[in-house]
Amino acid sequence: MPGSPSETYDLAVLGAGPAGLAGAVTAAELGLRVALLDAAGQPGGQFYRHPSPATGATRPEALHHDWSTFAGLRARLAASDVTLLFGHHVWTVTREAAAGLAPSGAPLPPQWAVHALTGDDPDHPSAGEEPGSGREPVIVRARTVLLATGSYERHLPFPGWTLPGVVGAGGAQAMLKSGLALPGRRVVVAGSGPLLLAVAASLTAAGARVPEVIEASGYLGYARRPGALAANPHKLAEAALHGTALLRHRVRLRTRTAVTRAHGTDRVEAVTVTRLDRDWRPIPGTARRIACDALAVGHGLVPQIDLATALGCATRRTADGTHALELSPLQETSLRGLWAAGETSGIGGVQLAISEGALAAHAIVSRLTGAPRAPLSHLRALRRRRDRGRVFAETMTAAHAPGPGWTRWLPDDTDVCRCEEVPAGRVREAVADYGARDARTVKLLTRAGMGWCQGRMCGTAVACLAAQPTGTPATSGTPVTSETPAPPTTTPPDRRPLAAPVPLGVLARLPEPRPAPQDPPPAQAPPATSSSPPTTSTTPNTPDAPTHPPKRTPRTEPDHPTGHPADDPTEGHPS
């Protein structure tokens, strides 16, 4: 029985998207016992989201431009002996002592305990059902863990963003891919990032009218790094594919422009779009209206690293102000035995995620078996492919980073935190009158971020407002003059001890944890280069830590300053 105390896997993979699938099938093909957990009922993640068989969809590939890659991964998964644990909502991961002894009589190395809830999505209980009722706790134990938990959408609020018909750009694509449903018939697509082009192309292919794609950034950032484009020609092919689709449907692309207000009563009926300067401040006199019955808006993606930060993994600040995991050259986090792949280390696309998942699997196999099980040429090729993809990812992140002046379109009466109905004015009051200088202090003073989403929707906005200088409120009537700074780079990542809602009754039924072992010396990530922001290392012994946090032993003089060369299957060989 999966999750029974007597069963321990070699590897538990959390997330069945591209990175998780690649890691799971690669590790299983190399001989490891693998468990694959995901909250959804089928593999694919957000990128390869597709209708369930019950919908009767005959051509799910029609809404994907790279379906053959997923089909190959799914075929490998079906042919493997990976234990599939779908419908499992992981809420925390802990370290514990392993039961039993090794053949030599020595204690077994510590293992990971993955805590999950089975059943329907605890975020969306069935009608008449209490949140979390009927869910059963499951503990899956493994010698190693691969985090492939993906990302979630970043939202920058504006007046009218709570109207029905205003959805996330990724949410609109998810509705279409999984339910074959459109958010409206005339849909404006807005925000920032390459996802907008893919969303607009998908919506038009499904029959929606997209009058304009509103991109707050520009595309000159890519031109400044032509080497990143040259090393990733498939990205140019993707852009050409989406661009051709938009031209065919006569969709206009507007850059340096943002939706600054949505209008309507029972539903969105129109949006106001305004030209922006290079810092994303609205330019007076440039506002105009576009009629629509839906708005798909999103300003990029944020790595989903809650499980890792709760354990104390080191993070780094990305060019767009988010936090990603700091990893070794072989995808290991700062905690030995915990690897990560895909968007947990930064947003970079499906091909990068697959390369990282496969590379992490090879590293895990090498760690557990003591020797690589693949030709060195293949491993070197994986690393080169990963490195090329990461260069493009950094270019993309910098090109679409939100400018510091976006709060100029946010008046005081607009709700920033939807869960707790906290308007921007109350956040500014906490900053100006009570001295709040970070999102955590604002949360304590206003409850912003204390709701059901735990700050995933409002976190960026609250952090930006908290970083504003006092006496310079960015209301709609304020002249566009002084520059509003971005959140300081010292702001730590959000710490959510529970990655999913957990009923108290479930916590009460948990068995007593095994004694937490002393953690071995953590892997030391590569030193930051001049272009890399400083690393932020979170510690697990804070009030936000999980109920049974692992103990950490500081390492003052790491044996291998660039990771675990002894475990590197390509170490000692020219790459």
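As the structure is a prediction and not an experimental result, all values here were calculated from the model. Positions within a chain are numbered from 1, following the residues in the order the chain's sequence is written. For this predicted model, a pLDDT threshold of at least 70 governs which residues receive local features, and a threshold of 80 or more governs which side-chain atom pairs are given and counted, while totals over whole chains, interfaces and linings are taken from all residues. The side-chain numbers reported here are obtained from all heavy atoms of the structure, hydrogens and water having been left aside.

### As for the pattern of salt bridges
Oppositely charged side chains can form a pair if their charged atoms are brought close together.
Thought 1: When a carboxyl oxygen of Asp or Glu is within 4 Å of a side-chain nitrogen of Lys or Arg, the pair counts as a salt bridge. With the rule as written, the count across this model stands at 15 salt bridges.
Thought 2: Across the pair R141 and E96 runs a salt bridge, and its minimum N-O distance is 2.3 Å. Remark: E96 occurs in strand 4 (residues 88-96) and R141 occurs in strand 6 (residues 137-147); sequence separation between them is 45 residues.
Thought 3: Overall, E96 belongs to the buried group, its relative accessible area being 4%.
Thought 4: As a salt-bridge pair, E212 and R254 come within 3.5 Å of each other at their nearest N and O atoms. Here R254 lies in strand 11 (residues 252-255) and E212 lies in strand 10 (residues 212-215), a separation of 42 residues in the sequence. Helix and strand definitions here come from DSSP, where helices need a minimum of 4 consecutive H or I residues and strands a minimum of 2 consecutive E residues; each element is numbered from the N-terminal end. Under the scheme applied here, a residue whose accessible area is under 20% of the maximum for its type counts as buried, over 50% as exposed, and between as partly exposed, the area being computed with a 1.4 Å probe on protein chains only.

### Quick notes on the pairing of strand 13 (residues 268-275)
Thought 1: With respect to burial, strand 13 is a largely interior element, six of its eight residues being buried.
Thought 2: Hairpin remark: strand 12 (residues 257-264) followed by strand 13, antiparallel, with three residues in the connecting loop.
Thought 3: Paired strands, in this sense, are two strands between which DSSP finds at least two bridges. By the bridge criterion, four bridges tie strand 13 to strand 14 (residues 288-291) in an arrangement that is antiparallel. Paired with V273 across the two strands is R288, which belongs to strand 14.

### Regarding unusual backbone geometry
Thought 1: You will see that R447, though not glycine, has its phi angle at about 75°, which is positive.
Thought 2: By the element assignment, R447 lies in the loop between helix 12 (439-446) and helix 13 (459-466).
Thought 3: Accessibility expressed as a relative area gives 43% for R447, which makes it partly exposed.
Thought 4: The backbone of Q454 shows a phi angle near 55°, a positive value even though the residue is not glycine.

### Description of helix 12
Thought 1: Here a polar contact means two N or O atoms within 3.5 Å. Within protein one must be a hydrogen donor candidate and the other an acceptor candidate, and residues neighboring in sequence count only if both atoms are side-chain atoms. Capping of helix 12 at its N-terminal end is provided by D438; its side-chain oxygen lies 3.1 Å from the backbone amide nitrogen of R440.
Thought 2: Immediately downstream of helix 12, the backbone of R447 shows phi near 75°, a positive value.

### Some points on the side chain of T344
Thought 1: Structurally, the position occupied by T344 is in the loop between strand 19 (338-340) and helix 9 (350-369).
Thought 2: In terms of polar contacts, T344 uses its side chain to reach the backbone carbonyl oxygen of A341, at 3.2 Å.
Thought 3: Sequence-distant contacts of T344, defined by excluding residues within four places in its chain, comprise L147, T149, G150, P303, Q304, I305, A324 and L325. Note on contacts: a residue pair qualifies if any of its non-hydrogen atoms lie within 4.5 Å across the two residues.

### Description of the confidence of the model for the chain
Thought 1: For every residue, the predictor reports its confidence as pLDDT, a number between 0 and 100. Of the residues in the chain, 81% reach a pLDDT of 70 or more, and the chain-wide mean stands at 83.
Thought 2: Low confidence marks residues 1-5, where pLDDT is under 50. Its contacts with residues over four positions away, or in another chain, come to 13 contacts.
Thought 3: Contacts from residues 571-575, a stretch scored under 50 in pLDDT, to residues over four places away or in other chains number six contacts.

### A few points about the sheet that holds strand 13
Thought 1: Spatially, the three strands line up as an open sheet ordered 12-13-14, and their pairing is antiparallel. For this open sheet the edge positions go to strand 12 and strand 14, each flanked by a neighbour on one side alone. On average, each strand axis in the sheet is tilted by 30° relative to the strand beside it, whichever way the strands run.
Thought 2: Inspection of the sheet shows strand 12 paired to strand 13 by seven bridges, in the antiparallel sense. Directly across from H263, in strand 13, lies its bridge partner A270. Axes, fitted as lines to C-alpha atoms, cover a helix only where it is in contact. Angles between the N-to-C directions of the axes lie from 0 to 180 degrees.

### What about the sheet that holds strand 9 (residues 187-192)?
Thought 1: With respect to topology, five strands assemble into an open sheet ordered 8-15-9-10-11, the strand pairing being parallel. Pairing within the sheet leaves two strands with one partner each, and these edge strands are strand 8 (166-168) and strand 11. Neighbour-to-neighbour, the strand axes of this sheet turn through a mean angle of 20°, independent of strand direction.
Thought 2: Here helix 4 (residues 195-205) sits on the sheet in contact with strand 9, strand 10, strand 11 and strand 15 (294-299), set at roughly 165° to strand 9.

### Comments concerning the side chain of E212
Thought 1: According to the relative accessible area criterion, E212 is buried, its value standing at 2%.
Thought 2: One polar contact links E212 to R254, side chain to side chain, over a distance of 3.5 Å.
Thought 3: Among the polar contacts made by the side chain of E212, one reaches the side chain of R288 at a distance of 2.8 Å.
Thought 4: Setting aside chain neighbours within four positions, we find E212 in contact with V188, V189, V251, R252, R254, R288 and I290.

### Some remarks on the packing of aromatic side chains
Thought 1: Two aromatic rings from Phe, Tyr or Trp, using only the six-membered ring of Trp, form a pair when their centres are within 6.5 Å; if the ring planes differ by under 30 degrees the pair is stacked, by over 60 it is edge-to-face, and anything between is tilted. A full pass over the atoms with the stated rule returns six aromatic pairs.
Thought 2: On the basis of an interplanar angle of 55° and a centroid distance of 5.9 Å, the ring pair of W406 and W409 is categorised as tilted. Summarising the burial analysis for this pair, W406 and W409 share the class buried.
Thought 3: Through a chain of ring-to-ring contacts, three or more aromatic side chains come together here, namely F47, Y48, W67 and F70.
Thought 4: Whether a charge sits over a ring comes down to the Lys NZ or Arg CZ being within 6 Å of the ring centre and within 35 degrees of the ring normal. The ring of W112 carries the charged tip of R95 above its face, separated from the ring centre by 4.2 Å.

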